[in-house]
Amino acid sequence: MSASLVQFYPRHRVSQAVEMPVSTAARLRLLRLSVTDRCNFRCRYCMPVEGVTKVAHQDLLPLENIVNLVQWLVAHAGIDRVRLTGGEPLLRSGIEQLVSDLVAIAGVREVSLTTNGSLLPRMAWGLKAAGLSRVNISLDSLDEERFAEVTRGGHLQPTLNGIAAAQEAGLTPIKLNTVLRRSTWKQEVPALLDYAAQAGFEIRFIELMRTGTERAWCETEFVSVDEVCAGLGAEIYPVEEESRASARRTTMNWYGAPIAVGWITPRSHPFCSRCDRLRMDAQGRLRRCLMDPAQLDLANLLRWVNGDSAKREFDSYIAGKVPPLSMDNALAMSQIGG
Ligand code: SAM
């Protein structure tokens, strides 16, 4: 019953969205905080095979400076949730301390983390003790060979162990993130739905965006959520939800099992008009949109400029948070902060 999903999304193209800029007063809520550009996987759509030129350690902000910047964003920009990301955020040393410092900021309602899961078997309990609420775990395949192919050498088992560890430690509800690919979705999606149904996880399917060095490959491998839903032929019911979420949440009847399935459609049905996100990298630079090259160096701004002027500068940058002219970025997602 994919038709219900199609109706659920008013279809619009990016160019139409550009005619209706996001309100400059759009309320920011979620900060996606990239704590490192390093990763132990090399997912083909995310990172070049040789890796990216790594930011030198001395150019990364110390964690206490990151906490100060987040504090400023909470006080001045309405941010009330922080999601740690990267690169692979669990590679940043001191991540547990960062979590507990972020949780302690008055006004922060939730600190969560997006990870490939491979380091969770030894870190899940420490993160929970530090105050982390929950994790989103990337999982593109349950087949060892295809997992290694898409992650370019990653192993499936540590990620599965990481999912189990997160569950045992109470980093729940766990959400799985799967990027859809034309050449593999017919094998991956049913297997992942079986797995999610059995474990009781929510799973989110993400349309492949054109980022990084392999944008031509991303274009060939793109498959829309609508095509996947139609191909699955399962009953899918929309779930009423907070209108600002990027994923459209549904309940799918998967061979009698109800599964919570989210659909993230940046390409076929962009959700720019309800975007409440801001990104910051480990050097303290803000990015108002994944696809927008313009950045604001908040760390430097607050170093050199006094309170009111800094706020004016910030507001004028955020006023330019409009839907992108194209859904295309030559930077790798690991550099942008996915
Ligand atoms: N290393 C962590 C992980 O694996 O989740 C966090 C960083 S990763 C960049 C965050 C998310 O971005 C992952 O779910 C990944 O699949 C997604 N992602 C990266 N590049 C993408 C692309 N070109 N299109 C769609 N999703 C992408």
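You'll find the structure just up there.
Calculation criteria
- Residues numbered from 1 in each chain as written.
- Predicted model: local features only at pLDDT ≥ 70, side-chain atom pairs only at ≥ 80, totals over all residues.
- Heavy atoms only, no water.
- Helix = DSSP H or I, 4+ residues; strand = E, 2+ residues; numbered from the N terminus.
- Rg over C-alpha atoms; globule rule 2.2 N^0.38 Å.
- Buried < 20%, exposed > 50% of the residue type's maximum accessible area, 1.4 Å probe, protein only.
- 1 Å grid on protein atoms, 1.4 Å probe; cavity = no way out; pocket = protein on both sides within 12 Å on 5 of 7 lines; lining within 4 Å.
- Points joined across faces, edges and corners; volume = space filled by probe spheres on them.
- Pairing = 2+ DSSP bridges.
- Axes fitted to C-alpha atoms, helices over the stretch in contact; angles between N-to-C directions.
- Contact = heavy atoms within 4.5 Å.
- Near = heavy atom within 4 Å.
- Polar contact = N/O pair within 3.5 Å; in protein donor to acceptor, adjacent residues only side chain to side chain.
- Areas by Shrake-Rupley, 256 points an atom, 1.4 Å probe, with all protein chains shown as cover.
- Nonpolar A, V, L, I, M, F, W, Y, C, P; charged D, E, K, R; others polar.

A. Representation of the overall build of the protein. What the protein contains, in helices and strands, is 13 helices and 14 strands. Over its C-alpha trace the protein gives a radius of gyration of 19 Å, about what one expects of a compact globule, namely 20 Å for 338 residues. Judged by the C-alpha coordinates and their principal axes, the protein covers about 60 × 50 × 40 Å. Every one of the 338 residues in the protein was classed for burial, and the buried ones make up 56%.

B. Here's a closer look at the layout of surface pockets. Each pocket or cavity is described by its volume, and for the second largest pocket that value is around 200 Å³. What lines the second largest pocket is a set of 15 residues, and nearest its centre among them are Val 55, Asp 281, Gln 283, Arg 285 and Gln 335. Taken together, the elements giving at least two residues each to the lining of the second largest pocket come down to β12 (285-287) and α13 (333-336).

C. Spotlight on the sheet that holds strand β2 (residues 81-85). One open sheet holds the twelve strands; their spatial order is β8-β9-β10-β6-β5-β4-β3-β2-β1-β11-β12-β13, and the pairing between them is mixed. Looking at strand neighbours, the two that pair on one side only are β8 (235-238) and β13 (295-297), the edges of this open sheet. Adjacent strand axes in the sheet meet at a mean angle of 25° when their direction is disregarded. This element, helix α3 (residues 63-77), spans β1 (30-34), β2, β11 (277-280) and β12 of the sheet and lies at about 160° to β11. Here helix α12 (residues 307-319) sits on the sheet in contact with β11, β12 and β13, set at roughly 170° to β13.

D. Layout of the site of the ligand. Neighbouring the ligand are 19 residues, the closest being Gly 87, Glu 88, Ser 138, Met 209 and Thr 211. One of the backbone N or O atoms of Tyr 45 is found 3.3 Å from a nitrogen atom in the ligand. Here the ligand has 550 Å² of accessible area as a free molecule, and 94% of this is covered by the chains. Looking at the shell around the ligand, the elements with two or more residues in it are β3 (110-115) and β5 (175-179). The residue makeup of the shell around the ligand, split by class, is seven nonpolar, ten polar and two charged.

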